[in-house]
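Examination of the molecular architecture
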Amino acid sequence: MNLFKLSGIASVFFGLLCCLSLINPTYLRFGFLFTILGFISSTANIYLNAKYEITKSSFSLGYIGMILSSVPVIFILVLIIKNS
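In what follows, the accompanying structure is described. (Residues numbered from 1 in each chain as written. Predicted model: local features only at pLDDT ≥ 70, side-chain atom pairs only at ≥ 80, totals over all residues. Heavy atoms only, no water.)

Quick word on the side chain of serine 41
Selection criterion: Secondary structure counts use DSSP, requiring at least four H or I residues in a row for a helix and at least two E residues in a row for a strand, with both numbered from the N terminus. The cut-offs for exposure are 20% and 50% of the maximum accessible area for each residue type, with area from a 1.4 Å probe on protein chains only; residues under the lower value are buried, those over the upper are exposed, and the others partly exposed. In protein, a polar contact requires one atom able to donate a hydrogen and another able to accept it; more generally it is a pair of N or O atoms within 3.5 Å, and residues adjacent in sequence count only if both atoms are side-chain atoms. Contact between two residues is taken to exist if any of their heavy atoms lie within 4.5 Å; hydrogens are not considered.
Assignment of secondary structure puts serine 41 in helix H2 (residues 28-52). Residue serine 41 is classed as buried on the basis of its relative accessible area, which comes to 10%. A polar contact is formed between the side chain of serine 41 and the backbone nitrogen of serine 11, at a distance of 3.3 Å. Discounting chain neighbours no more than four positions away, the residues touching serine 41 are Ser7, Ala10, Ser11 and Phe14.

Listed below in structure tokens is the structure:
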């Protein structure tokens, strides 16, 4: 398996773990750890896709992983805005 496919699968995996960490607020610390790992792997996937033009379609796994990894950050922002 090459680095492009591995980083795409890892970004989606860490993004799903981020979303699952929102089930219980005590797991939110782990969610932020998975967020950082998801952002790193999705950035690597998007960079490799842009450099070598691997994916011919408009959507790669890096974009999906980036969206899923940003869910805990958006959740915290909504809580801050709602409670202020």
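After that view of the structure, there is still more to cover.
Focus: a nonpolar patch on the surface
For clarity, the threshold we go by: Distance thresholds for patches are 9 Å for like charges and 5 Å for nonpolar side chains (Val, Leu, Ile, Met, Phe, Trp, Tyr), applied to residues having over 30% relative accessible area and no salt bridge. For the area figures, the Shrake-Rupley method with a 1.4 Å probe applies, and any residue is considered shielded solely by the protein chains shown. Just to be clear on terms, a salt bridge is a Lys or Arg side-chain nitrogen sitting within 4 Å of an Asp or Glu carboxyl oxygen.
Residues Met1, Leu3, Leu6, Ile9, Phe59, Leu61, Tyr63, Ile64 and Ile67 make up a contiguous nonpolar surface patch of roughly 930 Å² in combined accessible area. Counting only elements with at least two residues in the nonpolar patch, the list comes to helix H1 (3-20) and helix H3 (61-69). No other element matches the 4 residues that H3 contributes to the nonpolar patch. Mapped onto the elements, tyrosine 63 comes out in helix H3.

Side note on unusual backbone geometry
Excluding glycine, residues mostly carry a negative phi; peptide bonds, for their part, are mostly trans. Positive phi outside glycine occurs at glutamate 53, with the angle close to 50°. Residue placement: glutamate 53 occurs in the loop between H2 and H3. Using a relative accessible area of 53% as the deciding quantity, one classes glutamate 53 as exposed.

A word on H1
The test is simple: In this scheme, a helix's expected span is set at 1.5 Å multiplied by one less than its residue total. The arc in question is the one traced by the directions running from the helix axis out to the C-beta atoms.
Along its 18 residues, H1 runs 25 Å from first to last C-alpha, staying within 8% of the 26 Å computed at 1.5 Å per residue. Among the residues making up H1, those that are buried are Phe4, Ser7, Gly8, Ser11, Val12, Phe14, Gly15 and Cys18. For H1, the arc enclosing every buried residue in end-on projection is 165°, short of the 170-degree limit, so these residues lie on one face. Exposed positions of H1 whose direction lies more than 90 degrees from the buried face are Lys5 and Leu20. The inward-facing, buried residues of H1 contact H2, H3 and helix H4 (71-83).

What about the environment of proline 72?
As for its position among the elements, proline 72 is in helix H4. Take proline 72: its relative accessible area is 0%, and that puts it in the buried class. The spacing of proline 72 and tyrosine 27 is 45 residues in sequence and 11 Å in space, taken between C-alpha atoms. Once residues within four sequence positions are removed from consideration, proline 72 is found in contact with Cys18, Leu22, Gly31, Phe32 and Thr35.

Some words on the side chain of serine 69
Within the secondary structure, serine 69 is located in helix H3. At 2.8 Å, the side chain of serine 69 forms a polar contact with the backbone oxygen of glycine 65. For serine 69, the residues in contact, after removing those within four places along its chain, are Ser11, Gly15, Cys18, Thr35, Gly38 and Phe39.

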